[in-house]
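# Results of the structural survey
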Amino acid sequence: MITAIINARIFDGEKVIGERTVLIEGEKIISVGGEIPEHAIIIDAEGGTLLPGLIDAHVHTSVDGLRDALQFGVTTELEMMGGFTKNGREAQLKGIEDIADVRSAGMGVTPPGGHPDELMPGDGEIPDFVLKELEKMSEEDRNALLAAHAHDHGEAPAVSTRDEAIAFVGEQVRDGADYIKIMIEEGTVLAAPGLPVLSQDILRAAVEEAHRHHKIAIAHVLTAESSRQAIEVGVEGLAHLFIDRPETTPDLVRMIAEAGAFVTPCLVLNSSIIGKPASEMAGDPLVSSKLSPEWIDTLNASFNTYPQGSMEDNYRNVMDLHHAGVDILVGTDVSVPVPTLGGLAHGVSVHHEMQLLVEAGFTPVEALQSATSKTARRFDLDDRGRIVEGARADLVLIDGDPTTHISDTLSIREVWQRGIQKMAKV
């Protein structure tokens, strides 16, 4: 059966192409423009804008997280540490419907006691604040947090040498990791100064091993110095934006641009680290009507570990990178509904991130590119992120015009994933 979406303003992932008919058959877009076949199901999108399914380029997720993401038009989440590698997807997601697609790095390359160990303090004991939150969580989110805790306390190996780093990367690849994540985090921004960090030699060995397996390497970094270290060892992408702005920032921007690396700024996370909750998002009926009370509480909270930071510096940093030609991707670093990891929620924070990019100086179209085609291209997801013939029919129909007013992206009328309608506005 063919579905014809008519009368929609279309943002094709790169540009606005005006009103054309989009034809869907099975899981694919079979035509953009052209005649409507007889007996096609007609969906009149009058007054709406059709977007490719949105992509979150930085999450830590669960079945519930994937389900929430899809409600907000995020049809793909890219996990930066967790269990949804190819093997994990086959074991955990088979037969589960109405969730976003997911790709994963598996576990990250980090030293003993290194990040993210500081987020789960104690010698194998779960802190009281986490225990209280666990009682409120769904089973899926509870298992995701406990799995992360188990990793941080030794059930999955940390690395101390080049050989261990090489072996660890190989293990992630055998488990079906789609890309490789390395950690360069000394802890100051996260109120945990002095965290151990691997040597450049070990980090370089991990990146080279990723490349040997034809996987891109992505680095967790939150400062200018760690960003420099990551680029020097050859990563393809930075999973965060440096939150500080030293005098050497122009040199760093030039270095990132010349390396051809992408940056996923996660401005929503940096805002939370600085102490700003996402209360305006939490109070929006288009958000609160779709989320649990636990997620609303989390949106209304913040990390607040680096209150001396400045969003103005973050905006200058991201615009300097953008003007230098660096690919900027939309990502959030959302994980589980714990207020100490606050200011973030699956799906919602993608829309918030686009708003912050526009506040920084992006045009709405540029922000939409960063949530669709740019991310698909940088992660070799050739079948999505665009509204073109042959692409997956991952689509979001918006009431209004987010190519002019980015906040309109929250006014979701319909979502399709692989050509199947997943939700419709009542």
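Higher on the page you've got the structure.
Reference entry: report on the structure contained in this document. Nothing here was measured: the structure is a model prediction, and the numbers come from that model. (Residues numbered from 1 in each chain as written. Predicted model: local features only at pLDDT ≥ 70, side-chain atom pairs only at ≥ 80, totals over all residues. Heavy atoms only, no water.)

## Regarding the overall build of the chain
Within the chain one finds 16 helices and 17 strands. The C-alpha radius of gyration computed for the chain amounts to 21 Å, which stays within 12% of the reference 22 Å derived for 426 residues, consistent with globular compactness. Seen through its principal axes, the chain has C-alpha atoms that stretch 65 × 45 × 40 Å. By residue count, 60% of the 426 residues in the chain fall in the buried class. (Helix = DSSP H or I, 4+ residues; strand = E, 2+ residues; numbered from the N terminus. Rg over C-alpha atoms; globule rule 2.2 N^0.38 Å. Buried < 20%, exposed > 50% of the residue type's maximum accessible area, 1.4 Å probe, protein only.)

## Here we look at the pattern of salt bridges
Applying the stated criterion across every chain yields a total of 24 salt bridges. Across the pair Asp320 and Arg245 runs a salt bridge, and its minimum N-O distance is 2.9 Å. Note that Asp320 is positioned in helix α13 (residues 311-323) and Arg245 in the loop between β13 (237-238) and α8 (249-259), a separation of 75 residues in sequence. A residue is classified by how much of its surface remains accessible, and Asp320, at 27% relative accessible area, is partly exposed. A relative accessible area of 32% places Arg245 in the partly exposed class. Look at the salt bridges and you will find they share partners, linking Asp101, Arg103, Asp383, Arg384, Arg392 and Asp394 into a network. (Salt bridge = Lys/Arg side-chain N within 4 Å of Asp/Glu carboxyl O.)

## Side note on the sheet that holds strand β1 (residues 2-6)
Here four strands make up an open sheet; going across it, the order is β5-β4-β1-β6 and the pairing mixed. Where the open sheet ends on each side, the last strands, each with one partner, are β5 (28-32) and β6 (41-44). The average undirected angle you get between the axes of adjacent strands in this sheet is 25 degrees. (Pairing = 2+ DSSP bridges. Axes fitted to C-alpha atoms, helices over the stretch in contact; angles between N-to-C directions.)

## Describing helix α7 (residues 224-232)
Those residues of α7 lying buried are Ala224, Ser226, Ser227, Gln229, Ala230 and Ile231. Elements that come into contact with the buried residues of α7 comprise α6 (200-212), β12 (217-220), β13 and α8. Immediately downstream of α7, the backbone of Gly234 shows phi near 95 degrees, a positive value. (Contact = heavy atoms within 4.5 Å.)

## A word on the sheet that holds strand β9 (residues 74-79)
Read across the open sheet, the three strands follow the order β8-β9-β10; overall the sheet is parallel. Across the chains shown, the open sheet's two edge strands, defined by having one partner strand only, are β8 (54-59) and β10 (101-104). Between one strand axis and the next, the sheet turns by 20 degrees as a mean value, whatever way the strands run. Where β8 lies against β9, four bridges are found, and the strand directions are parallel. Its bridge partner lying in β9, Val59 is registered against Glu79. Helix α1 (residues 63-71) contacts β9 and β10 of the sheet and is inclined by roughly 140 degrees relative to β9.

## Looking at the packing of helix α5 (residues 162-174) against α6
Contact geometry of α5 with α6 gives a least axis separation of 8 Å together with a crossing angle of 30 degrees. In terms of their interaxial angle, α5 and α6 are classed as roughly parallel. Classified by chirality, the crossing of α6 by α5 is right-handed. Here Arg162, Ala165, Ile166 and Val169 of α5 lie close against α6, whose contacting residues are Asp201, Ile202, Ala205, Ala206, Glu209 and Ala210. Residues belonging to the contact of α5 with α6 are distributed by class as follows: seven nonpolar, no polar and three charged. (Parallel < 35°, antiparallel > 145°, perpendicular 65-115°, else oblique. Left-handed = near helix turned anticlockwise from the far one by under 90°. Nonpolar A, V, L, I, M, F, W, Y, C, P; charged D, E, K, R; others polar.)

## Looking at the packing of aromatic side chains
In the structure shown here, the tally under the stated rule is two aromatic pairs. Centroid distance Tyr179 to Phe379: 5.2 Å. Interplanar angle 75 degrees. Geometry classified as edge-to-face. Separated by 200 residues along the polypeptide, Tyr179 in the loop between α5 and β11 (180-183) and Phe379 in the loop between α16 (373-378) and β15 (395-399) bring together distant segments of the chain. Overall, Tyr179 belongs to the buried group, its relative accessible area being 2%. Residue classification places Phe379 among the buried residues on the basis of a relative accessible area of 9%. Look at Phe262 and Phe379: their rings are 5.4 Å apart centre to centre, the planes differ by 50 degrees, and that puts the pair in the tilted class. Linking Phe262 in strand β14 (residues 262-263) with Phe379 in the loop between α16 and β15, this pair joins segments that are 117 residues apart in sequence. Cluster of aromatic residues (ring-pair linked, three or more members): Tyr179, Phe262 and Phe379. (Phe/Tyr/Trp six-rings, centres within 6.5 Å; stacked < 30°, edge-to-face > 60°.)

## Some remarks on the side chain of Thr21
Looking at where Thr21 falls in the secondary structure, it is placed in the loop between β3 (16-19) and β4 (22-25). In this structure, Thr21 is in contact with Ala4, Ile5, Ile6, Ser31, Val32, Gly33, Gly34 and Ile36, ignoring residues within four places of it in sequence.

## Considerations on the pairing of β11
Here β11 shows a buried face lined by Ile180 and Ile182 and a second buried face lined by Lys181 and Met183. Between the parallel pair β11 and β12, the chain is carried across by α6, and the sense of this crossover is right-handed. (Right-handed = clockwise from strand over helix to strand, strands pointing away.)

## Examining the pairing of β15
Burial analysis of β15 places four of its five residues in the buried class, the great majority of the element. Two strands pair when backbone bridges link them, and strand β7 (residues 48-52) and β15 are joined in this way by five bridges, in the antiparallel orientation. If you follow Pro52 over to β15, its bridge partner there is Leu395. Inspection of the sheet shows β15 paired to strand β16 (residues 412-417) by four bridges, in the antiparallel sense. Within β16, the residue paired with Leu395 across the bridge is Trp416.

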